[in-house]
Amino acid sequence: MRIVFLGAPGAGKGTQARRLEARGGWPQVSTGDLLRAAVAAGTPLGKRAKAAMDAGELVSDPLVMALLGERLGAEDCSGGFILDGFPRSASQALLLKELLRASRQRLDAVVMLELPREVLMKRLTGRRTCSATGKLLNIYFSSAEELNASRAAGGELIQRDDDTEETIANRLSVYEQQTRPLLAHYAGLLRRVDAAGTPDEVFERILRALPPADSTAPAANSAGPSPGKLHG
Ligand code: ADP
C-alpha cells in the first residue's frame, strides 16, 4: 500500500504513520525526519537545509528529492510506504507523480488529518520529547503520571528547534498556502479523517478510512505483521 498522509503540522501525521507502519508493515517515510537526520549528521545537504527548517519554510525541492529518492529506492519500500510530510506543495506532488511513474507505481490513498487551528497550536507549542525515554509528550495534554515518569527517569523535556511560537505560526501559514491546495489535486484518492481525540481513536478512524489492503501487500521480506490484519 502506498499512502500519503496530509495535514497541518501538529495534526499527528508522524504518530499515526508510525502506528500504521507497525500494523501494516509499510515503512513510514518522513521527509522531516530525513532532513533532521541530515542536519544532525552535519552533511552538506543538512547544512543547506537547516536555515529553512529553523524558519519554518519549505526546504528546496532538489534537497528534499535527493533524500526522498534514495529512501524510496530502498528495498524495504518496494512493497509500499507511508509518506509523512511529503508532498507539501504542488511542485512536490508533480515530482512524486514522476517518481512513481518511473517505477510503475501508484498511490492507493491520501489520508488527510483534520484539526482546528487552536488545537494545532497547543499540540505544537506544548510538544516535548523526554531526553531519557525518547517519548513524545505534551505539557498541556499528557497526564501528570506520564510527565512525572519522565522526571523520575531523570529525563529533561526537550522542545524541537522549530516548535517556537514564531516558527509554528510560519509553518501553519506555509501549510495553508502551499500544502492545503493539494486536497483538490488528490480529490479522487482523498480520505478525510477527524484528527481530534486520543491517538487510539484517530488510528481507528484511519483504519476504517483506508482501502482494503489485499492487492497492495508489502514485499514478502518486509518486517511487520501481515497487511491482511489491517482491518481486523
Ligand atoms: P511538521 O509537519 O510538524 O512541520 P516535519 O517534521 O514534517 O514537521 O517538518 C519539519 C520541517 O522540515 C518543515 O518545516 C520544513 O522546513 C522541512 N520539511 C519537511 N518536509 C518537507 C518537504 N516535503 N519539503 C520541504 N521542506 C520540508
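Look above for the structure.
These notes cover the structure that comes with them. In this text the structure is predicted, and so the values were computed from the model without any measurement. (Residues numbered from 1 in each chain as written. Predicted model: local features only at pLDDT ≥ 70, side-chain atom pairs only at ≥ 80, totals over all residues. Heavy atoms only, no water.)

Below, the discussion takes up the nonpolar core. A general tendency of soluble globular proteins is for nonpolar side chains to be buried together. One finds Leu 20, Leu 83 and Leu 113 to be the most contacted residues of the largest nonpolar core, which totals 56 residues. Looking at this core element by element, the count peaks at six residues for helix 4 (residues 61–72). Those residues in contact with Leu 113 that sit more than four places away from it in its chain are Phe 5, Leu 6, Gly 7, Ala 8, Ala 11, Gly 12, Lys 13, Gln 16, Val 193, Ala 195, Val 202 and Ile 206. (Core = buried A, V, L, I, M, F, W, Y, C linked by side-chain atoms within 4.5 Å. Buried < 20%, exposed > 50% of the residue type's maximum accessible area, 1.4 Å probe, protein only. Helix = DSSP H or I, 4+ residues; strand = E, 2+ residues; numbered from the N terminus. Contact = heavy atoms within 4.5 Å.)

On to the packing of aromatic side chains. For the coordinates displayed, the defined rule picks out zero aromatic pairs. Lying across the ring of Tyr 140, Lys 122 places its NZ or CZ 5.3 Å from the centre. (Phe/Tyr/Trp six-rings, centres within 6.5 Å; stacked < 30°, edge-to-face > 60°. Lys NZ or Arg CZ within 6 Å of the ring centre and 35° of its normal.)

Next up on the list: the sheet that holds strand 2 (residues 28–30). Pairing in this open sheet of five strands is parallel, and the strands run 2-3-1-4-8 from one edge to the other. Where the open sheet ends on each side, the last strands, each with one partner, are strand 2 and strand 8 (190–194). Strand-to-strand twist in this sheet, taken as the mean axis angle between neighbours without regard to direction, amounts to 25°. Across five bridges, the pairing between strand 4 (residues 109–114) and strand 8 is parallel. Bridge assignment links Met 112 to a residue of strand 8, and that residue is Arg 192. (Pairing = 2+ DSSP bridges. Axes fitted to C-alpha atoms, helices over the stretch in contact; angles between N-to-C directions.)

The sheet built from three strands is open, its strands ordered 6-5-7 with antiparallel pairing. Sheet topology places strand 6 (136–138) and strand 7 (157–158) at the edges, where each strand pairs with a single neighbour. The sheet contact formed by strand 5 (residues 127–130) and strand 6 spans three bridges and is antiparallel. When the bridges of strand 6 are listed, Arg 127 appears paired with Asn 138. Against the sheet, helix 6 (residues 117–125) makes contact with strand 5 and strand 6, and its axis sits at roughly 30° relative to strand 5, the strand it touches most.

Here we take up the pairing of strand 5. Taking the residues between adjacent antiparallel strands as the criterion, strand 5 and strand 6 are bridged by five residues, where Gly 134 takes a positive phi near 80°. Note: strand 5 against strand 7, two bridges, orientation antiparallel. Bridging from a neighbouring strand, Thr 129 pairs with Ile 158 of strand 7.

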